[in-house]
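Per-entry structural report
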Amino acid sequence: MTLGESGPADGRVARWRSPLFTPANRPDLIAKQARFGADIVIVDLEDGTPLGAKPEGRDGAATAVPKLRAEFGGAVMLRVNGVTDAENFDADLDCYAALDLDGIVVPKIETVEDVDRLDEALRTRGLTDRAVMYGLESVAGVHRAAEVLTHAARNARVDAAYFGAEDFIADLGGRRTRSNAEVLYARSQVAIACRLAGVVALDQVTTAINDRERFLEEASFARDLGYGGKLCIHPGQVAMAHEAFTPSPEEYDRARRLLDAYEEAQREGRGTINFEGGMVDVPLVLQARRILAIGG
């Protein structure tokens, strides 16, 4: 899947362009998220909730999510703590099971054993009908991304995966730069792994929340790499994510005209065409069909 496509037919998430995080221990903030128009609101029990406030975060989610659900037309998901966090993982899953949510976000997936443990926990609680998003944000997780995601696609459930640049570089021992050159290889690996597994790839956060130019620059490049959306950590980033990951009217129009011209050529027995000064064959036709399939 690419560029904002929906998940599987039995999924509970329609679009993936703008997953917006909000801390679970702030029910006052959770209640406000419906107004920002994100495709997904992610109530965050992991990094968004302080280490000493995880129980309060679970209580906050239980209090505020029903109100959010009543007012919000998009999907609501819960990011839990990782499968190796013995102190919080099972309690987070119990919180998730008690709420009417569209899916779960699980950070720091690194091995097929992590996948299997998560799958068992979800099956035990009867939660396999909800969407699942993985976080690939450590050196081990990125290195094994293709193995992990293809295993999950075949044996468990995964609908989307995100690349966590900040955690990745911290684990690697490198330094973050505006150029993102230091994460290009890892970012590309995750995009490729997602494509192999048939899941939506979601791009890294932009921590400079007031830098519109930087967000759009990163989002545009992510789309070039095959990402279908971008994690948002501030409401002001939502509209920019939609701008970046929704094809423009000009793109739709060009894709339609290209397909019309190609189909006419096929009827005439020609395999390639010269379209507006460029040669068009099957790969470009597939790209055009994906643009038209996304919807407005």
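Before reading further, recall that the structure is shown in the block above.
Because the structure is predicted, anything quoted here is derived from the model rather than measured.

The tally for this structure, following the rule as stated, stands at one aromatic pair. Sitting over the ring of Phe 215, Lys 230 keeps its end group 5.5 Å from the ring centre.

A few words now on helix α9 (residues 212-225). Taking 1.5 Å of rise per residue, the 14 residues of α9 would be expected to cover 20 Å, and the 20 Å separating its terminal C-alpha atoms lies within 8% of that figure. For α9, every residue scored as buried is listed here: Arg 214, Phe 215, Leu 216, Glu 218, Ala 219, Ala 222 and Arg 223. Close packing links the buried residues of α9 with α8 (184-197), β7 (200-203), β8 (229-230), α10 (238-245) and α11 (249-267). Of the residues that open α9, the one with a side-chain oxygen 3.4 Å from the backbone nitrogen of Glu 213 is Asp 211. One or two steps after α9, the chain reaches Gly 226, where phi turns positive at roughly 110°.

Per the stated rule, a full pass over the model turns up zero disulfides. Lacking any disulfide linkage, Cys 232 is separated from the closest cysteine sulfur, that of Cys 194, by 17 Å.

The subject of this paragraph is the nonpolar core. By size, the foremost hydrophobic cluster in this structure holds 65 residues, and its most contacted members are Leu 78, Tyr 134, Leu 149 and Phe 163. Here this core gets six residues from one element, more than from any other, and that element is α8. The residues contacting Phe 163, other than those within four sequence positions of it, are Leu 136, Val 142, Phe 168, Val 183, Ala 186, Arg 187, Val 190, Leu 202, Asp 203, Gln 204 and Tyr 227. Ranked by size, the runner-up nonpolar core spans 16 residues in total, among them Trp 16, Ile 40, Met 133 and Leu 231.

Within this structure, the stated rule accounts for 28 salt bridges. Here Asp 94 and Arg 125 are joined by a salt bridge, their closest N and O atoms 2.9 Å apart. In this pair, Asp 94 is assigned in helix α3 (residues 89-98) and Arg 125 in the loop between α4 (112-124) and β5 (131-136), connecting sequence segments 31 residues apart. For Glu 276, the salt bridge identified is with Arg 254, shortest N-O distance 3.4 Å. In this pair, Glu 276 is assigned in the loop between β9 (273-275) and β10 (278-280) and Arg 254 in helix α11, connecting sequence segments 22 residues apart. The exposure class of Glu 276 is exposed, given its relative accessible area of 51%. Three or more residues joined by partner-sharing salt bridges are found here, namely Asp 44, Glu 46, Arg 79, Lys 108 and Asp 167.

With that settled, consider the layout of surface pockets. When its volume is computed, the second largest pocket comes out at roughly 270 Å³. Surrounding the second largest pocket, 16 residues form its lining, Phe 21, Asp 47, Arg 79, Val 205 and Ile 233 being those nearest its centre. Looking at the lining of the second largest pocket, the elements that each hand over two or more residues are β6 (160-163) and α7 (165-172). Among the elements that line the lining of the second largest pocket, the one with the most residues is α7, at three residues. For the lining of the second largest pocket, the per-class residue count stands at seven nonpolar, three polar and six charged.

Reading the values: rules and limits
- Residues numbered from 1 in each chain as written.
- Predicted model: local features only at pLDDT ≥ 70, side-chain atom pairs only at ≥ 80, totals over all residues.
- Heavy atoms only, no water.
- Phe/Tyr/Trp six-rings, centres within 6.5 Å; stacked < 30°, edge-to-face > 60°.
- Lys NZ or Arg CZ within 6 Å of the ring centre and 35° of its normal.
- Helix = DSSP H or I, 4+ residues; strand = E, 2+ residues; numbered from the N terminus.
- Expected span 1.5 Å × (residues − 1).
- Buried < 20%, exposed > 50% of the residue type's maximum accessible area, 1.4 Å probe, protein only.
- Contact = heavy atoms within 4.5 Å.
- Polar contact = N/O pair within 3.5 Å; in protein donor to acceptor, adjacent residues only side chain to side chain.
- Disulfide = S-S within 2.5 Å.
- Core = buried A, V, L, I, M, F, W, Y, C linked by side-chain atoms within 4.5 Å.
- Salt bridge = Lys/Arg side-chain N within 4 Å of Asp/Glu carboxyl O.
- 1 Å grid on protein atoms, 1.4 Å probe; cavity = no way out; pocket = protein on both sides within 12 Å on 5 of 7 lines; lining within 4 Å.
- Points joined across faces, edges and corners; volume = space filled by probe spheres on them.
- Nonpolar A, V, L, I, M, F, W, Y, C, P; charged D, E, K, R; others polar.

Remember, this is a structural readout, not a statement about activity or role.
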